[in-house]
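# Remarks on the overall topology
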Amino acid sequence: MNRIKAITLLSGALFLGACGQTQNTPAAGPAQPAAGHTATELGIAPNTSPSGRWFIELEGEPGALSAQSLSAQQQSVRLQAQSAGIEYQEVASFQTLFNGFSVEIADQEVGKFTRLPGVKAVYPVDIIQQPQLQEGSSAPEMFSAVGMTGADIAQNELGLTGKGVKVGVIDSGIDNEHPAFAGRIVSQYDFVGDDFDASTANGNPIPQPDPIADDCGGHGSHVAGIVGGNDPATGFKGVAPEVSFGSYRVFGCEGSTTGDIMLQAMERAAQDGMDVVNMSIGSSYQWAEYPTAKAADRLVKRGVVVTVSAGNSGANGQFATGAPSLAEKVISVAAVDNAEISLKSFNLTVDGQTRSVGYMAGTPAGEPEVGKVLPVVVADPITACNVNGGNPFVAGQFTGKAVLIQRGTCTFVEKAKNVAAAGASAILMFNNLPGYISPGLGDANLKIPFASFLKEEGEAIRADVQAGKAVTVSFNAGEQRFKNPTGGSITSFSSYGMGPDLELKPELAAPGGNIYSAVPTDPSNTGYDPSGYGIKSGTSMAAPHVAGAAALLLQAHPDWTPEDVKTRMMNTASTRLFFKDGQPVPGTPIYTQLQGAGMLDIPAAYASTVFAAPAKLSLGESDGMPSRSKVVVLTNRGDKPQTFTVQHLPALSVAGTTYSPKPSTGRATMTVNGQSADLDSAGQGGVQVTVPAGGQTELNVTITAPSDLDSKSDYAQYGGYLVAKGTSETVSVPYGGFQGDYQKLEAMGPVYFVQGTQTTKRDFPALYDPARDKVYFENETPEQLPDYTFLTFDRVVGQRGLKVLDAPTLWVHLDHQVQTIVMEAVDASGTAHPVQTFPYVGRDGTNVYQIGSDSRPWSDYVWDGTYEGGAEAPAGQYQLRLRVLKALGNPNNPAHWEMYTSPKFQIVRGAVSPD
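The following refers to the structure shown. (Residues numbered from 1 in each chain as written. Predicted model: local features only at pLDDT ≥ 70, side-chain atom pairs only at ≥ 80, totals over all residues. Heavy atoms only, no water.)

## Examining the overall build of the chain
Test applied: A helix here means a DSSP run of H or I that spans at least four residues, while a strand means a run of E at least two residues long, and both kinds are numbered starting from the N terminus. The size measure is the radius of gyration over C-alpha atoms, and the globule rule it meets is 2.2 Å times the number of residues to the 0.38 power. Partly exposed residues are those whose accessible area sits between 20% and 50% of the maximum for their type, while under 20% is buried and over 50% is exposed, using a 1.4 Å probe and protein chains only. Residue contacts are counted whenever heavy atoms from the two residues lie within 4.5 Å of one another.
A count of helices and strands for the chain gives 13 helices and 54 strands. Relative to the compact-globule value of 29 Å for 915 residues, the chain shows a C-alpha radius of gyration of 29 Å, a close match. With the principal axes as the frame, the chain shows a C-alpha extent of 90 × 80 × 60 Å. Looking at the 915 residues of the chain, the share that counts as buried comes to 59%. For the chain, the share of sequence-separated contacts (at least 6 apart) that also reach a separation of at least 24 residues comes to 77%.

What follows is the structure in structure tokens.
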């Protein structure tokens, strides 16, 4: 679900895609500026948009206008574009879930579209990478996953199978020949073909549609298997094993797709009458206003339950949840670690007593010799790291031995090389932190096995060896199932919310770590496994679990609306606890910004008779108004009154910074109907309410943000739960808020350039000269003004040629999503000429740039030399100014804006294009 972002703004154009390649040869272009000026040469090619596509959104809501009116409006814009001389190629038109079309267009033409009457906005067509999932082993973890959410109870005791419900899977297709889906794919369409890849020259960026949406990548089949696979021969069952499938293929065998192809698939799913649609893909760091999110909301309004993965950007900090999962009405799903995990194992014998120890293999490494018995010795130093710059062990020291070492202090490669050079026959590494880890051994060239396992196992082995006991290991041929020490906790990769609009996201959690499901059976496919099954991890695996659950609930309650399904699921979810040192902390739920309402409980949702609306509370920022009042309505659909004790369960707050979150002990307080709902130190308290049979009861809820921060952070995201406990059922409503002044978050931040062990902080924004490949970072001033001709020239980067526009370019890094960017050209007299306004721009995924990599945490804002009204700027001296309105900022409040003005430069008209 992660993407590389590049935005280029050309007289109002905004586009998104993968970054350019690193330059390996000198740039061909105009003469270099005079020596002595202050500039930095990095050898970086200009960012380009490999998608080359833009959404053109028109005025008017689809659904509110007739198809005839929409067609007439779109045709009018086409005719206006033709009259204006705009050169473009229409890719797709949309009328069901989006009013407008996507176009392929040259950079210099895009801004002209924004000036046409009837055009509401122009958005980039995102490049969306097919999620890269963690490969696992091959034992039936789906069996334990369905037990975590009660799907097994729903199937075996409630008789729910999803029969009669149609679930659309927008993904890489579904393997049509797989026995888990035999005869149940009722609608399908391939929008792209096997070779399609939107973001690389190595693939084919031209879609080759096909009526058969067979899967060759493996992701879609794995997702569909979780929704409702059913293979009697193996006993495999997904959550809803009798659903019918719609298969909508938007990925080739490998690589990426685009946002407009996703939107086409959504419209096709709506037209095919899907009851549920799952999208385990999306764009991180976005806004709910992005076209795929808007389309997803409109799909829900048409009566379709839409489940979307929250994203796998947990390592990239807060506010990382993507589109379309940020859409208001969809169900955004976080991932929970599976309760059980299948691992390779070795037999450990201590003084004649044998037990199995599960491990993850380091890669690449040698395969163990099955059955060979090795005595265990403990390395000294236990970390196996260099001492005084050299190997602490001597040749032959460990010949014929399995050597116990501990993670930490130095790299896995250094450890492996040191131990192997001393003659070891196997390396046994135990973790220095809770849980399992799969070590990457890079260039260690290891020929012996490397087993990585739990901290407590390693400490026990070390104690036994040091006590003089006889300890040996022998490796087994197969795998075994072990209890996962982090089972039931939110996975480390699951994306943080909230949305930049401070709406609480995600909403639910479901098993997503180490999930066993179907993969393609054809050996020619990239996702192939000879068994037809495999284990993968990701929020991609969590969302289809909720989609399958929605199918079960719709089978049982066909009159439920998508809002009913979402509300019942959220009301009855079970909160996930904060884990510290590998152990859950009782009574301390992890951030609501990671888990939403908590983990899905299907039987509880099915049986609920009392529900609470709204299903979540988004409180906004606390600055100026620390207490927020909301009304929650409890509705009783049963034939008996029910009495509840309403209590407040505060969750852990998340503080730190956007990129480096950390827990905070700050807690909110809550009153209900004027009485405290907070519990005392003994866990007692709450407010009693009764909901009459067939009636409703209002709860007047006031939540007060934490009064201070327990760190140096300027802000925190806080949250918790209103929990109504009855004798037969419990109803829960999560809340989330921002503690402090939201507009104090810095929007335009610095970037840290890393090369080897050296890190250099670069102040951004910066002025870039693509013709000379020079950049003027903030506070760097050229002694001779750069000049720009707005002509294109050929430039060689590595082995490929580029057409480069000689235009002033701003490099901008965003630490946080911004509501509006206003770009202006300021002439020598100081007059500011508007270039364009850009709404709802997402943040960058990191503020670190590894020099030489293709992934760059900044965006190119390029001016093509024309003003917003279309007039050409005359030759002369200029500066570019960016004014950035922070998320949810008040445009009339100067404190809510950030501003950057570039160094001065010259526009040259009538120049000869550089060689």
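More follows now that the structure is in view.
## A look at the environment of Val250
Within the secondary structure layout, Val250 lies in the loop between strand E11 (244-249) and strand E12 (256-258). Residues Val250 and Tyr189, spaced 61 residues apart in sequence, show a C-alpha to C-alpha distance of 9.0 Å.

## Structural notes on the pattern of salt bridges
Under the convention used in this document: Whenever a carboxyl oxygen of Asp or Glu lies within 4 Å of a side-chain nitrogen of Lys or Arg, that contact is scored as a salt bridge.
This model, assessed by the stated rule, comprises 17 salt bridges. For the salt bridge of Glu57 with Lys294, the shortest nitrogen-to-oxygen distance reads 3.1 Å. A residue pair is termed long-range when its members are at least 10 positions apart, and Glu57 in strand E1 (residues 53-58) and Lys294 in helix H7 (residues 291-301) qualify at 237 residues. Summarising the burial analysis for this pair, Glu57 and Lys294 share the class buried. Put simply, Asp190 and Arg249 hold a salt bridge, and the shortest N to O gap is 3.0 Å. One end of the pair, Asp190, is in strand E8 (residues 185-190); the other, Arg249, is in strand E11, and 59 residues separate them in sequence. By relative accessible area, which is 2% here, Arg249 ends up buried. Salt bridges sharing common partners tie together Lys505, Glu507, Lys566 and Lys616.

## Some remarks on the sheet that holds strand E37 (residues 696-704)
Strand pairing in a sheet is mediated by backbone hydrogen bonds. Such pairs are either parallel or antiparallel. Spelled out, the test is: DSSP-based pairing: two strands are paired if at least 2 bridges between them are found.
The antiparallel open sheet is built from five strands, whose spatial order is E28-E30-E37-E34-E35. Edge strands, defined here as strands with exactly one partner in the open sheet, are strand E28 (610-613) and strand E35 (675-676). With nine bridges joining them, strand E30 (residues 627-636) and E37 adopt antiparallel strand pairing. Its bridge partner being in E37, Thr635 is matched across the sheet by Gln696.

## Remarks on the nonpolar core
Defined as follows: Put simply, a nonpolar core is a bunch of buried Ala, Val, Leu, Ile, Met, Phe, Trp, Tyr and Cys residues held in one set by side-chain atoms that sit within 4.5 Å of each other.
Ranked by internal contacts, the top residues of the largest apolar core, which has 54 residues, are Phe245 and Met569. Among the elements that line this core, the one with the most residues is helix H10 (residues 539-556), at eleven residues. Residues within four places of Met569 in sequence aside, it is in contact with Ile331, Leu508, Val546, Ala549, Ala550, Leu553, Leu600 and Ala605. Judged by nonpolar contacts, the second largest core, of 41 residues, contains Phe196, Met266, Ala295 and Ala296.

## Quick word on the sheet that holds strand E51 (residues 859-862)
Our working rule: Between the N-to-C directions of two axes lies an angle of 0 to 180 degrees, each axis being a line fitted to C-alpha atoms and, for a helix, fitted only over the stretch in contact.
With antiparallel pairing, four strands are arranged side by side in an open sheet as E43-E42-E47-E51. Only two strands of the sheet have a single neighbouring strand rather than two, namely strand E43 (774-777) and E51. Shown here is a sheet whose adjacent strand axes are inclined to one another by a mean of 30°, direction ignored. In terms of strand pairing, strand E42 (residues 766-769) meets strand E47 (residues 809-812) through three bridges, oriented antiparallel. Its bridge partner lying in E47, Tyr768 is registered against Thr809.

## A word on the state of the cysteines
How we decide: When two cysteine sulfur atoms lie within 2.5 Å, the pair is treated as a disulfide.
This structure, assessed with the given rule, holds two disulfides. Shown here is the disulfide that connects Cys216 with Cys253, its sulfur atoms set 1.9 Å apart. What sets the handedness of the Cys216 and Cys253 disulfide is the S-S torsion sign, and at about -105° it is left-handed. Placement of the pair is Cys216 in the loop between E8 and helix H5 (219-228) and Cys253 in the loop between E11 and E12, with a sequence separation of 37 residues. For Cys216, a relative accessible area of 4% translates into the label buried. Cys385 shares a disulfide with Cys410; S-S distance 2.0 Å. Looking along the S-S bond of the Cys385-Cys410 disulfide, the torsion reads about -90°, which is the left-handed sense. Highlighted residues: Cys385 in the loop between strand E18 (373-378) and strand E19 (402-406) and Cys410 in the loop between E19 and helix H8 (412-421), separated in sequence by 25 residues. In this pair, the class of Cys385 matches that of Cys410, namely buried.

## Details of helix H11 (residues 562-571)
The buried fraction of H11 amounts to eight of the ten residues, a majority that puts the element mostly inside the structure. Of all the positions in H11, only Pro562, Val565, Lys566, Thr567, Arg568, Met569, Met570 and Asn571 are classed as buried.

## Focus: the packing of aromatic side chains
Operational definition: Stacked, tilted and edge-to-face are the three classes applied to pairs of Phe, Tyr and Trp rings, where Trp contributes its six-membered ring and a pair requires centres within 6.5 Å; stacked means planes under 30 degrees apart, edge-to-face means over 60, and tilted covers the rest. We call a charge positioned above a ring when the Lys NZ or Arg CZ atom is no farther than 6 Å from the ring centre and deviates by at most 35 degrees from the ring normal.
Scanning all chains against the criterion turns up 39 aromatic pairs. Between Phe236 and Tyr516, the ring centres sit 6.0 Å apart and the planes meet at 65°, which makes this aromatic pair edge-to-face. Note that Phe236 is positioned in strand E10 (residues 236-237) and Tyr516 in strand E24 (residues 515-518), a separation of 280 residues in sequence. Ring geometry for Tyr359 and Phe475: centres 5.8 Å apart, planes at 85°, overall edge-to-face. Highlighted residues: Tyr359 in strand E17 (residues 353-361) and Phe475 in strand E22 (residues 471-483), separated in sequence by 116 residues. A relative accessible area of 3% means that Phe475 is categorised as buried. Ring pairs connect the aromatic residues Phe753, Phe764, Tyr768, Phe777, Trp811, Tyr849 and Trp858, which therefore count as one cluster. Between Arg268 and the ring centre of Tyr189, over which it is positioned, the NZ or CZ distance is 4.3 Å. The side chain of Arg883 reaches across the aromatic face of Trp897, ending 4.8 Å from its centre.

## Some thoughts on the pairing of strand E27 (residues 583-589)
Pairing analysis gives three bridges linking strand E26 (residues 577-580) to E27, with the strands arranged antiparallel. The partner of Lys580 across the bridge, within E27, is Gln583. Here E26 hands over to E27 after two residues, with Asp581 in that stretch at a positive phi of 55°.

## Examining H8
Restricting attention to buried positions, one finds in H8 the residues Phe412, Val413, Lys415, Ala416, Asn418 and Val419. Looking at the packing, one finds that the buried side of H8 touches E19, strand E20 (426-430) and strand E21 (450-453).

## Regarding the side chain of Glu898
In plain terms, the rule: N or O atoms closer than or at 3.5 Å make up a polar contact, with two conditions inside protein: a donor-capable atom paired with an acceptor-capable one, and, for residues adjacent in sequence, both atoms drawn from side chains.
Within the secondary structure, Glu898 is located in strand E53 (residues 897-901). At 2.8 Å, the side chain of Glu898 forms a polar contact with the backbone nitrogen of Ala747. One polar contact links Glu898 to Lys886, side chain to side chain, over a distance of 3.4 Å. Other than its neighbours up to four places away in sequence, Glu898 contacts Leu745, Glu746, Ala747, Met748, Leu882, Arg883, Val884 and Lys886.

This is a description of form; function is not addressed.
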